[in-house]
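# Examining the three-dimensional arrangement
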Amino acid sequence: MKVFAVILILGLTAGAPVIGLADTTTDLNSQVTTMNNLSSSPGQIKVINKISGDFSSFLGSDANAVVTGLRNGTPITLNSTTTTTDPTTGLPVTTTTPTVITPPTGHMGFGNVYISLALAKQQLSALGITQPTPEQLQAALTGGTITQTTGSGVTATTTTTNLQGILTMRSQNMGWGQIAQKLGFKLGPVIASMKSANHSLAATTSAASKSGN
């Protein structure tokens, strides 16, 4: 009886955080399932456009290409341009540099695509990056280093941050809760964003259904 009492007490003491984590995971999985199911109602193009729209301020004109590439598990080629002055002619010279992001996760459901981008946005925002370059986005998604310089001249400070890559961690069978915890984030904001997106998609489906009747 004493052994049972000890086990019961330990179970009750440890239960609260476990239940909390379970609730968060259940809620997240529910939103993932809802988003994936909605893709068969309004059509995949509408879901891609919705996710792209939600992350347009983060990804800019590359949003659609990134969402589509993550969804299909295909390499994503993003171009960055720099303009310098030719020392001989004094004319501007524009150089285009391609960055290829190859998702190690393969084909993903729309829900997982959304979570990947939401976590990448949080991670880069924590570094003060709200509109990442292709190289910075690549580091956040598949791993790499981000070098940032603040100040100028003798007061300039350079910081290098190593990122493991959200998709790389996911491809190693880590759950979204584990990944968020490793990054030091909570899944609450991600769940709230997904609920809003799913509500919008559901409303679109309902409106399309009524207009078709």
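## Observations concerning the overall build of the protein chain
Looking only at helices and strands, the protein chain has nine helices and four strands in total. When the helices and strands of the protein chain are read in sequence order from the N terminus, they spell out α-α-α-α-β-β-α-α-β-β-α-α-α. Scored against the burial criterion, the 213 residues of the protein chain give a buried share of 33%. Contacts in the protein chain between residues at least 24 apart in sequence constitute 60% of all its contacts with a sequence separation of at least 6.

## Concerning the layout of surface pockets
In this structure, the largest pocket spans a volume of roughly 160 Å³. Contributing to the lining of the largest pocket are 13 residues, with Leu-59, Asp-62, Pro-132, Thr-133 and Pro-134 lying nearest its centre. By residue number, the principal contributor to the lining of the largest pocket is helix H3 (residues 56–59), which donates three residues. In terms of residue class, the lining of the largest pocket is made up of six nonpolar, six polar and one charged.

## Details of the nonpolar core
In terms of nonpolar packing, the biggest core is built from 49 residues, with Ile-51, Leu-117 and Leu-119 touching the most fellow members. Considering every element that reaches this core, the biggest residue donor is helix H5 (residues 110–126), with nine residues. Sequence-distant contacts of Ile-51, defined by excluding residues within four places in its chain, comprise Met-35, Val-67, Phe-110, Tyr-114 and Leu-117.

## Regarding the packing of aromatic side chains
Within this structure, the stated rule accounts for one aromatic pair. Between Phe-55 and Tyr-114 the ring centres are 5.1 Å apart and the planes differ by 65°, which places this aromatic pair in the edge-to-face class. With Phe-55 in the loop between helix H2 (44–54) and H3 and Tyr-114 in helix H5, this residue pair connects regions lying 59 residues apart in the sequence. The pair formed by Phe-55 and Tyr-114 is uniform in burial state, with each residue classed as buried. Between the NZ or CZ atom of Arg-71 and the centre of the ring of Phe-110, over which it lies, the distance is 4.1 Å.

What counts, and where the lines are drawn
Residues numbered from 1 in each chain as written. Predicted model: local features only at pLDDT ≥ 70, side-chain atom pairs only at ≥ 80, totals over all residues. Heavy atoms only, no water. Helix = DSSP H or I, 4+ residues; strand = E, 2+ residues; numbered from the N terminus. Buried < 20%, exposed > 50% of the residue type's maximum accessible area, 1.4 Å probe, protein only. Contact = heavy atoms within 4.5 Å. 1 Å grid on protein atoms, 1.4 Å probe; cavity = no way out; pocket = protein on both sides within 12 Å on 5 of 7 lines; lining within 4 Å. Points joined across faces, edges and corners; volume = space filled by probe spheres on them. Nonpolar A, V, L, I, M, F, W, Y, C, P; charged D, E, K, R; others polar. Core = buried A, V, L, I, M, F, W, Y, C linked by side-chain atoms within 4.5 Å. Phe/Tyr/Trp six-rings, centres within 6.5 Å; stacked < 30°, edge-to-face > 60°. Lys NZ or Arg CZ within 6 Å of the ring centre and 35° of its normal.

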